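Working through the structure, step by step
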Amino acid sequence: MSKHVIKIENLSFRYDKTDVLSNVSLSLDEHSFTVFLGPNGGGKTTLIKCIMGILVPRKGFLKIFGQTPKISKNRFGYIPQRLEFDPMFPLSLFEFVQQGLLSELPWYGVWKSSSSKKTEEILKKFNLEGLKSQPIGGLSGGQLQKAIIARALVSNPDILIFDEPLSGLDFSSSKTIISLIDELAGKKTILLITHVISHLLKKADHVYLVEKGVCPLKDEALCKHMELGLFHSEEEGCSHE
Amino acid sequence: MNDSFFYALSTNPFLQMALFAGLLASLGSGIIGSYTVAKRVVFISGSIAHAVLGGIGISLYLHYYTLNPLFSPLFGAIVSAFFFGFIIGWVHLKYKQRVDSVIAAIWSIGMAVGVILISITPGSNAELMNFLFGNLLWASHRELYLLLILNSIILISSIFLHKRFLAICFDEINAYIQKQPVTLLYFFLLSLICLTIVILIQVIGAILVISMLCLPAAIANIFTRSLSKMIFLAIALSCMMSMIGTYLSYLFNWPIGATIALITTCFYFLSLPLKKLLVSFPEK
């Protein structure tokens, strides 16, 4: 029997005096694949930041595995929309991926051998082991996106959150990321945020439109939105906003 | 000339103390400077370094009128460094986009209060000069012990917290998701930066603090992409520049703090074409 891993009731959030989310309610089952679709500025990223405990909602009920986000936040693997950093930052790819295991770092600040082993394994799985000593600023866009996903997966989290994972990627890198999400679907609870209609939607158990509130989108409604051109379609060759 | 420098070094306690103080300061600045450069908070450090004059001014003023020995320039420097450091840290966390203006405001108010109070406190102009340009040649045993204690705090903290500092310097959101106390770590790192600034003000003076705190780390960053290696290289470079600076200041009778800052800056500008040369070398 599937259980709710994320349960949200009447959640509201505002930046200064602008309501970004109001009265959002939804439940996500274990190992389900959910897509949050909606226009830019609709509140998709704000909603996931509330779910991860990065932002505190103004009101509402939010439980992750029956606990507050603050307690269960390390059960998430987060793939951000954009990772802004100084290209000169002194960090190797290995160190970068290992940062996905920070919650396992002992108080005395020396990595356990098991953490290094897990990092080696995930780098191998992503065909990045040859680049492990490379500085993070020297990676290509596709390699960096793979590294970000590897960092999110290295701790074997229960919930994976992809925030616009295809944003700014070329065709071949997008294909790699899509097949990776395909592979993970059904094995992990996946939350995908996008404003691009892609064939990933066919895999999704639930599709929600996020625009201040959240409403479930059925197939017909999705087609309607596509016809109206509310979102961009990859298949139609449209680019990102 | 060389002989006379080494002879002076073996016989002159002022020169020995100056060199020793410079080397001790290099250790702390190499470690904390690397985090400062990696986290890109160089201008926060500059603001704190200059605002500290306000604390020194208040301390000197209170000491003159109360004769309380607690109000020493060092006490004022430490208290004001932490005070301004925490204000900047709080603004950075709360209102990220407004931190630049706050840096400028703190820089100005600290200097302004300091200059006014020092000018109305009789007999404290020498303190102003020491603050601005450092007083390495007058480093006392007490100051050396203090440098040793502050360096030990920096060294022990960075040994235990290096991985966590690296994490918050690179990606605070990931560190937060990974259950790290990001705010606490940020303020602790800021406190260590404040301590290092106070150490360096004793050695090189507030005006030149940034050169010794950040430039050896910035040079190291040009040649390595690992933070641990960058720290070791920055310490080594800082020690080397302190020694060369002390030697040249003895040779030409220049102010020691300014000479160290000049050498550090020259090395920084030379390191940029040197890196290009090293990168192109294997291709030829």
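Quick note: structure is the one above.
Here we summarise the structure given alongside this text.

The rules behind each value
Residues numbered from 1 in each chain as written. Chains lettered and ligands numbered in written order. Predicted model: local features only at pLDDT ≥ 70, side-chain atom pairs only at ≥ 80, totals over all residues. Helix = DSSP H or I, 4+ residues; strand = E, 2+ residues; numbered from the N terminus. Buried ≥ 20, exposed ≤ 12 C-beta atoms within 10 Å, placed from the backbone. Pairing = 2+ DSSP bridges. Axes fitted to C-alpha atoms, helices over the stretch in contact; angles between N-to-C directions. Contact = placed C-beta atoms within 7 Å. Core = buried A, V, L, I, M, F, W, Y, C linked by C-beta atoms within 7 Å. Nonpolar A, V, L, I, M, F, W, Y, C, P; charged D, E, K, R; others polar. Parallel < 35°, antiparallel > 145°, perpendicular 65-115°, else oblique. Left-handed = near helix turned anticlockwise from the far one by under 90°. Expected span 1.5 Å × (residues − 1). Bend = angle between axes of the 7 residues up to and from the residue.

1. Details of unusual backbone geometry
At F65 of chain A, a residue that is not glycine, the phi angle is positive and equals roughly 50°. Within the element layout of this structure, F65 of chain A appears in the loop between β4 (59–64) and α2 (69–72). One non-glycine residue with positive phi stands out, namely N253 of chain B, at about 60°. Position of N253 of chain B relative to the elements: it lies in the loop between α11 (227–252) and α12 (256–280). For N253 of chain B, a count of 8 C-beta atoms within 10 Å corresponds to the exposed category.

2. Details of the sheet that holds strand β10 (residues 213–216) of chain A
Residue and element names in this part refer to chain A. Pairing within the open sheet is mixed, and its six strands lie in the order β5-β6-β7-β3-β9-β10. The sheet terminates laterally at β5 (76–79) and β10, the two strands that pair on one side only. Geometrically, the sheet is characterised by an average inter-axis angle of 20° between neighbouring strands, direction not taken into account. Running over the sheet, helix α5 (residues 141–153) touches β5 and β6 (159–163) and is turned about 170° from β5.

3. Digging into the nonpolar core
All names here are of chain B. Counting 147 residues, the largest nonpolar core has V52, I197, L200, I201 and V209 as the members making the most contacts within it. Sort the elements by how many residues they give to this core and helix α9 (residues 182–204) lands first, with 14 residues. Discounting residues that sit within four places of it in the chain, I201 has contacts with A49, V52, A77, F131, G134, A206 and V209.

4. Digging into the interface of chain B and chain A
Residue-level contacts link 24 residues of chain B with 22 residues of chain A. By residue number, the principal contributor to the side of chain B that touches chain A is helix α7 (residues 141–170) of chain B, which donates seven residues. Along the lines of polarity and charge, the residues of the side of chain B that touches chain A split into eleven nonpolar, seven polar and six charged.

5. Comments concerning the environment of K276 of chain B
Residue and element names in this part refer to chain B. Mapping K276 onto the fold places it in helix α12. Look at K276 and you get exposed, because 11 C-beta atoms sit within 10 Å. Residues K276 and I222, spaced 54 residues apart in sequence, show a C-alpha to C-alpha distance of 9.9 Å.

6. Focus: the environment of L28 of chain A
All names here are of chain A. Residue placement: L28 occurs in strand β2 (residues 18–29). Classification of L28 by C-beta neighbours within 10 Å gives buried; the count is 23. Between the alpha carbons of L28 and H206 there is a distance of 8.8 Å; along the sequence they are 178 residues apart. If sequence neighbours within four positions are ignored, L28 has contacts with H4, V5, I6, T34 and T189.

7. Remarks on the packing of α7 of chain B against α9 of chain B
Residue and element names in this part refer to chain B. Look at α7 against α9: their axes get within 10 Å of each other, and the N-to-C directions meet at 150°. By the angle between their axes, α7 is roughly antiparallel relative to α9. Note that α7 runs across α9; the crossing there is left-handed. Only V182, L185, Y186, L189, L192, L195, T196, I199 and Q202 of α9 make contact with α7, whose side of the interface consists of E143, L147, L150, I153, I154, S157, R164, F165 and I168. Here the contact of α7 with α9 is composed, by residue class, of 13 nonpolar, three polar and two charged.

8. A few points about the pairing of β5 of chain A
All names here are of chain A. Burial along β5 is two-sided: F76 and Y78 and G77 and I79, pointing in opposite directions, are all buried. Where β5 lies against β6, four bridges are found, and the strand directions are parallel. When the sheet's bridge partners are listed, F76 is paired in β6 with I159.

9. Examining α12 of chain B
All names here are of chain B. Between its first and last C-alpha, α12 extends 36 Å over 25 residues, near the 36 Å set by a 1.5 Å rise per residue. The sharpest bend along α12 reaches about 30° and sits at S271, with the proline P273 one to four residues further on. Inspection of α12 places I256, G257, T259, I260, A261, I263 and T264 among the buried residues, and these make up the whole buried set. In the core, the buried residues of α12 are packed alongside α2 (13–39), α6 (125–133), α9, α10 (209–223) and α11.

10. Regarding the sheet that holds β4 of chain A
Residue and element names in this part refer to chain A. Taken together, the three strands give an open sheet; going across it, the order is β2-β1-β4, and neighbouring strands pair in antiparallel fashion. Edge positions in the sheet fall to β2 and β4, since each has one partner strand and no second. Taking each pair of neighbouring strands and ignoring which way they run, the sheet shows an average axis angle of 15°. Pairing of strand β1 (residues 4–15) with β4, which is carried by five bridges, proceeds in the antiparallel orientation. By the bridge assignment, I6 is partnered in β4 with I64.

11. Some remarks on the pairing of strand β3 (residues 33–37) of chain A
All names here are of chain A. Most of β3 is tucked away: four of the five residues are buried. Bridge count between β3 and strand β7 (residues 189–194): five bridges; the pairing is parallel. In the sheet register, F33 faces β7, and the bridge partner there is I190. Bridge analysis of β3 against strand β9 (residues 206–211) gives four bridges, and the strand direction is parallel. Residue pairing across strands places V35 opposite V207, the latter belonging to β9.

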